[in-house]
Amino acid sequence: MHEMSYAVRIADIALRAANANPPGSASADNRPAGGLNPKDGSSENRILAVHVSCGEMLAIVPSLLETAFRECVKGTIAENAVLIVKTIPVRIRCASCGREIDPHGPEGYVARCPDCGSAALRIEHGREFLVDKIETQE
Ligand SMILES: [Zn+2]
């Protein structure tokens, strides 16, 4: 289940981002404890949702990613966060003439460019793995 390695990365990115951007304005803190880490033990900055984009070529199964993510965030501020997975479809571009090829289109997966016959086809999209957005409680 390679989803786990991605889930670990998502959890890591989300938790770091949430801690780096505490909610509310820093000046309106009602009672600073005098410590340098006022966020310690705080549950104010809970993560509500994490949006990720996974390239189709990574062959990530969203339901497995979600399950793995749940394991990773147990007991953290992201414990109840919803994981929203968007799949980025594969796009191939011919390096010779620049033509874009949609492998899901009528041409399907091709070994050569339908226009110029070049075999120099590059995968432009479909390998991405991105954390797009992290929603935290206001
Ligand atoms: Zn071409």
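Structure first, text after, so check above.
The notes below deal with the structure included here. Position numbers for residues start from 1 in each chain and track the written sequence from start to end. Given that the model is predicted, a residue must reach a pLDDT of at least 70 before its local features are reported, and side-chain atom pairs must reach 80 or more before they are shown or counted; all residues, however, enter totals for whole chains, interfaces and linings.

### Focus: the sheet that holds strand β3 (residues 91–94)
Ordered in space as β4-β3-β5, the three strands form an open sheet in which the pairing is antiparallel. The sheet is open, and its two borders are formed by β4 (100–101) and β5 (121–125), each paired with just one other strand. Where β3 lies against β5, four bridges are found, and the strand directions are antiparallel. The residue bridging Arg 91 from the neighbouring strand is His 125, located in β5. Strands are labelled as partners when DSSP assigns at least two bridges between them. Segments assigned H or I by DSSP are reported as helices when at least four residues long, segments assigned E as strands when at least two residues long, and all are numbered from the N terminus.

### Re the environment of Ile 123
Inspection of the secondary structure puts Ile 123 in strand β5. Filtering out sequence-adjacent residues up to four positions away, Ile 123 remains in contact with Val 90 and Ile 92. Residues are defined as contacting one another if the C-beta atoms placed from their backbone atoms lie within 7 Å.

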